[in-house]
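Okay, here's what each chain looks like letter by letter:
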Amino acid sequence: LLENMERFALPAVLVGVLLFFGLWPKTSGTFTSAANLQNVLGDETVSGILALAIMIPLACGQFDFSVGSIAGLSQVLCAGMMARAGVPLPIAILVSVGIGLLVGLSNGNAVARLGVNSLIVTIGISSVLLGIVEWYTHGTQIVGEISPGLIELGNGDWLGLPRVLYVLAVIAIGVYYMLEHTPYGRYLHSIGSNREAARLVGIPVERYVLMSYVISGCLAGVAGILIVARNGGASPQIGSLSDTIQALSAAYLGATAIKPGRLNVLGTLLGIFTLSFTLTGLSLAGVADWINDLFNGAALFAAVLVSTAIGKKRAGR
């Protein structure tokens, strides 16, 4: 009974959030509307991809606080190449994802090969990327001359669900298969559990940690492209540390559910939508904007506390 309560507590919280804001008189009129549900599902696709991206280095015991900034840089480059230089969409996508790959490679080399603390490396890189975005955009939005096909992907729907949600589903299935059904995924979890033991049994720890950052950077680059698709342009305000904090909160919340004490894809997705629907309900209720940061920070603290406690209990048993 206790194990099932641990596994399904987060889905129960999500259902409770939906019922509460759906029945509360202050929010019931708009919270349950089809338009609001579609907006939340579509908008949080980006956050979901960032959460999956940050989860991969976490699996091997490393942090990546640069995923939000990589997405921010990717979106301004993607929009800027199309709007300012007339670059075709396929090339803009390849360059944007390639930038994410290069940033991930830089992070991975510093962490895996040089042994620099991942927290310091990725926060520093995040600050650098924010500065590049500000320089490139001059603090203004990039709009106009964005590929209609990309905008249609970001704002269209299929079978009543946003099209970008299917992109998230494909990526989630890929990450799930990689982490749960391939030697690479099992080795990542082994490194995260005991790095020295993994090294002693012959696992090339540095190479696997490096690849985790490369994959994370590529996924963050894809998230940046979907930001352009959703907004029809790019904004220098997107890609802040708060985006990374929300993704990290979702990943740790996910580790408290489905497979408690272990990072898992389904739990991470449940975490991101629990956070997003809660924040949407609070916003519709008219709470102040600062509540968002407060809530994300509190959720991260609570998620880390609970997931760590569960992990220690299971390890001891």
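Going by the structure above, here's the rest.
Description of the structure in this document. Just so you know, these numbers come straight off a predicted model, no measurement behind them. (Residues numbered from 1 in each chain as written. Predicted model: local features only at pLDDT ≥ 70, side-chain atom pairs only at ≥ 80, totals over all residues. Heavy atoms only, no water.)

**What to know about helix H4 (residues 67–85)**
- With 19 residues, H4 should reach 27 Å at 1.5 Å per residue; the first-to-last C-alpha distance of 26 Å fits that figure.
- Counting buried residues in H4 gives 16 out of 19 residues, a clear majority hidden from the surface.
- Positive phi appears at Gly-86, one or two residues downstream of H4, with a value of about 65 degrees. (Helix = DSSP H or I, 4+ residues; strand = E, 2+ residues; numbered from the N terminus. Expected span 1.5 Å × (residues − 1). Buried < 20%, exposed > 50% of the residue type's maximum accessible area, 1.4 Å probe, protein only.)

**Observations regarding the layout of surface pockets**
- When its volume is computed, the largest pocket comes out at roughly 810 Å³.
- Along its surface, the largest pocket is lined by 31 residues, and Asp-43, Glu-44, Ser-47, Asp-243 and Gln-246 are the ones closest to its centre.
- Elements with a contribution of two residues or more to the lining of the largest pocket: helix H3 (34–59), H4, helix H11 (205–231), helix H12 (241–254), helix H13 (265–284) and helix H14 (290–316).
- A total of eight residues in the lining of the largest pocket trace back to one element, the largest contributor, which is H3. (1 Å grid on protein atoms, 1.4 Å probe; cavity = no way out; pocket = protein on both sides within 12 Å on 5 of 7 lines; lining within 4 Å. Points joined across faces, edges and corners; volume = space filled by probe spheres on them.)

**Re H12**
- Taking 1.5 Å per residue as the helical rise, H12 with its 14 residues ought to reach 20 Å, and the 20 Å between its terminal C-alpha atoms agrees with that figure.
- Counting buried residues along H12, 11 of its 14 residues qualify, which places the element largely inside the surrounding structure.
- Within the span of H12, buried status applies to Thr-244, Ile-245, Gln-246, Ala-247, Leu-248, Ser-249, Ala-250, Ala-251, Tyr-252, Leu-253 and Gly-254.

**Considering the side chain of Thr-278**
- Its place among the elements puts Thr-278 in helix H13.
- Look at Thr-278 and you get buried, because its relative accessible area is 11%.
- Setting aside its immediate chain neighbours within four residues, Thr-278 contacts Val-17, Phe-21 and Phe-295. (Contact = heavy atoms within 4.5 Å.)

**Brief notes about the pattern of salt bridges**
- A complete count under the given rule lists six salt bridges for this structure.
- Residue Arg-199 pairs with Glu-196 through a salt bridge whose shortest N-O separation is 3.7 Å. With Arg-199 and Glu-196 both in helix H10 (residues 195–200) and three residues apart, this pair spans about one turn of that helix.
- Overall, the relative accessible area of 33% leaves Arg-199 in the partly exposed class.
- Overlapping salt bridges bring together Glu-180, Lys-259 and Arg-262 as one network. (Salt bridge = Lys/Arg side-chain N within 4 Å of Asp/Glu carboxyl O.)

Just distances and angles here, no functional claims.
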